[in-house]
Amino acid sequence: MKISDTNFNKKTILITGGAGFIGSNIAFYIQKHFPYSRIIIFDLFRSGEKFSNGNLKSFGHYKNLIGFNGEVICGNINNRNDLIQLEKYKYDFIFHQAAISDTRVYDQEAIMKTNINSFYFFLDLAKRHDCPLVYASSAATYGSLEAPQKVGCEDPENPYGYSKYAMDQIAAQFSKKNPNIKIIGLKFFNVYGPREFFKGKTSSMVIQLGHQILNGQAPRLFEGSDKILRDFIFIDDVLQANIKACESKNNGVYNVGTGKPRSFQDIADILQKELGCDYGTDYFPNPYTGYQMHTQADITSSQENFNFEPVFSLERGIKHYVPNIKDMFKMPID
Ligand SMILES: NC(=O)c1ccc[n+]([C@@H]2O[C@H](COP(=O)([O-])OP(=O)(O)OC[C@H]3O[C@@H](n4cnc5c(N)ncnc54)[C@H](O)[C@@H]3O)[C@@H](O)[C@H]2O)c1
């Protein structure tokens, strides 16, 4: 189903981070509904390089793009020589998703260089091409502030959250100087859905718990998980936000969640029901201090500015997702 009246046919669309989870879903949506669009994906993909936490430095994967028939450029947003390759096109829309997306990377230099420095280039690109730029911010900008989290009241608690917070400040300054260029930041809450598998340990708990259950194990949760609440949002609703944001009435940053927080225990219970198992739950102590206990997006301004209306409850999202969770079970991750 088409999400909005924006016509991407005969348009050139740049998707950075297009080999990742959210970017590849945007690419496939536009390809499916607008066969005369020209989509350019720019992504670093993955090498064997890892951060000190053991996770890969970038999660893009070619398997997320099987079936994609647009153009693909493998490049690093930190590298001017790679970015030069983007200069040969004339863009109508830019979706900027590329980032170090791992919230548990503490190498501040690497995060700030990748997430913040490169952002100036894409703002300038949007200005030169006079086209809308929709970029990924994050609920991590809120840290452990009380729910519901509202744009304009942020307190990031890790380098990743700060990098997105800084992008929001830079975008606001840019918009003041360039009010006619559409710049929209989207603060995604906890996204889950197809094409996240290759994020490994940083993928959502929906797929991780799903695979534990398929492995015949009880889902492993922190003690008290029925009281740890998150605003989990299905990828189709995140897609809706990205597409509708192209027609936002006002520049700014907007929350993208359901507004209806659910517990980790809910995920485990819904999965077991959908998979026809009842292994109970394997609880263990939460090793983290300063752990977010309740996230909940206030989506009033997203509704008002671009008619954002999430439609997937956790039950419906997981039901849609289960066939893919099964397909990805035992899939090699590299
Ligand atoms: N998934 C979520 O729950 C969530 C929540 C909040 C915000 N976000 C943000 O949304 C965006 C997309 O997230 P995702 O879940 O699809 O993550 P992802 O890691 O799957 O996608 C990010 C993509 O960026 C690419 N990338 C990383 N470093 C790069 C570099 N230096 N040059 C070029 N490409 C590079 C990766 O290869 C990857 O394909 C990110 O900016 C992330 O921070 C995601």
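Located above this text is the structure these notes cover.
Asker: Explanation requested: the pairing of strand E5 (residues 133-138) in the structure shown.
Answerer: Where a strand is regular, its side chains alternate between the two sheet faces. Counting buried positions along E5 yields six of six residues, so the element is predominantly enclosed. Here E5 shows no split at all, with Leu133, Tyr135 and Ser137 on one side and Val134, Ala136 and Ser138 on the other all buried. Sheet topology note: the strand E4 (residues 93-96)/E5 ladder contains three bridges and is parallel. Among the inter-strand pairings, Phe95 is bridged to a residue of E5, identified as Val134. In the classification by handedness, the crossover that spans E4, the intervening helix H3 (residues 108-129) and the parallel E5 is right-handed.

Asker: Help me understand the nonpolar core in this model?
Answerer: What tends to happen in soluble globular proteins is that the nonpolar side chains get buried as a cluster. Judged by nonpolar contacts, the single largest core of 69 residues is most densely connected at Phe8, Ile30, Phe95, Leu186, Ile267 and Ile318. Counting residues per element, this core draws most heavily on helix H1 (residues 21-33), at seven residues. Once residues within four sequence positions are removed from consideration, Ile30 is found in contact with Phe8, Ile13, Ser37, Ile39, Phe95 and Ile243. Membership of the second largest hydrophobic core comes to 37 residues, among which are Ala110, Phe121, Cys131 and Tyr135.

Asker: Please clarify how the pattern of salt bridges should be interpreted in this entry.
Answerer: Two side chains of opposite charge can pair, provided their charged atoms sit close to one another. Following the criterion strictly, the structure yields 12 salt bridges and no others. For Glu87, the salt bridge is made with Arg128, and the minimal N-O distance between the two is 2.9 Å. Here the residue Glu87 occupies a position in the loop between helix H2 (80-83) and E4, and Arg128 occupies one in helix H3, the gap between them amounting to 41 residues. Under the relative-accessibility criterion, Arg128 is labelled partly exposed at 42%. Across the pair Asp282 and Arg220 runs a salt bridge whose closest N-O atoms are separated by 3.3 Å. With a gap of 62 residues between them, Asp282 in strand E13 (residues 282-284) and Arg220 in strand E8 (residues 220-222) connect regions that are remote in the sequence. Connected through shared salt-bridge partners, Glu87, Asp124 and Arg128 make up one network.

Asker: Explain the side chain of Lys187 to me, please; I cannot follow it from the model alone.
Answerer: You can see Lys187 is positioned in strand E6 (residues 183-188). Engagement of the side chain of Lys187 in a polar contact is seen with the side chain of Glu154, the distance being 3.4 Å. Not counting residues within four places of it along the chain, the set of residues in contact with Lys187 comprises Ser137, Ser138, Ala139, Thr141, Tyr142, Val151, Glu154, Asp168, Val253, Tyr254, Asn255 and Val256.

Asker: How should helix H5 (residues 205-214) be read in this particular structure?
Answerer: Residue pairs three or four apart in sequence face the same way in an α-helix, which turns once every 3.6 residues. Summarising burial for H5: seven of the 10 residues are buried, a large majority. Taken together, the buried positions of H5 are occupied by Val206, Ile207, Leu209, Gly210, His211, Gln212 and Ile213. Once H5 finishes, Gly216 follows within two positions and takes phi at roughly 85°, a positive value.

Asker: What exactly am I supposed to notice about the site of the ligand here?
Answerer: The ligand sits among 29 residues. The nearest are Ile22, Asp43, Ser101, Tyr160 and Lys199. Note that an oxygen atom of the ligand is positioned 2.7 Å from one of the side-chain N or O atoms of Ser101. Taken by itself the ligand offers 820 Å² of open surface, and the protein chains cover 95% of this. Contributing elements (two or more residues each) for the shell around the ligand: H1, E5 and helix H4 (159-177).

Asker: Just checking my understanding: could you explain helix H6 (residues 235-245) for this structure?
Answerer: Here H6 lies mainly inside the structure; 10 of its 11 residues are buried. The set of residues buried in H6 consists of Ile235, Asp237, Val238, Leu239, Gln240, Ala241, Asn242, Ile243, Lys244 and Ala245.

Asker: Can you walk me through the sheet that holds E6 in this structure?
Answerer: Note on sheets: strands pair through backbone hydrogen bonds, and any given pair is parallel or antiparallel. Strand order across the open sheet formed by seven strands is E3-E2-E1-E4-E5-E6-E11, with parallel pairing between neighbours. The sheet is open, and its two edges are formed by strand E3 (71-74) and strand E11 (252-256), each paired on a single side. Within the sheet, the average angular offset between the axes of one strand and its neighbour, ignoring direction, is 20°. Of the pairings in the sheet, the one linking strand E2 (residues 38-43) to E3 comprises four bridges and is parallel in character. Bridging from a neighbouring strand, Asp43 pairs with Cys74 of E3. The strands that H3 touches are strand E1 (12-16), E4, E5 and E6; relative to E4, the one it contacts most, it runs at about 165°.

Cut-off values and rules
Residues numbered from 1 in each chain as written. Predicted model: local features only at pLDDT ≥ 70, side-chain atom pairs only at ≥ 80, totals over all residues. Heavy atoms only, no water. Buried < 20%, exposed > 50% of the residue type's maximum accessible area, 1.4 Å probe, protein only. Helix = DSSP H or I, 4+ residues; strand = E, 2+ residues; numbered from the N terminus. Pairing = 2+ DSSP bridges. Right-handed = clockwise from strand over helix to strand, strands pointing away. Core = buried A, V, L, I, M, F, W, Y, C linked by side-chain atoms within 4.5 Å. Contact = heavy atoms within 4.5 Å. Salt bridge = Lys/Arg side-chain N within 4 Å of Asp/Glu carboxyl O. Polar contact = N/O pair within 3.5 Å; in protein donor to acceptor, adjacent residues only side chain to side chain. Near = heavy atom within 4 Å. Areas by Shrake-Rupley, 256 points an atom, 1.4 Å probe, with all protein chains shown as cover. Axes fitted to C-alpha atoms, helices over the stretch in contact; angles between N-to-C directions.

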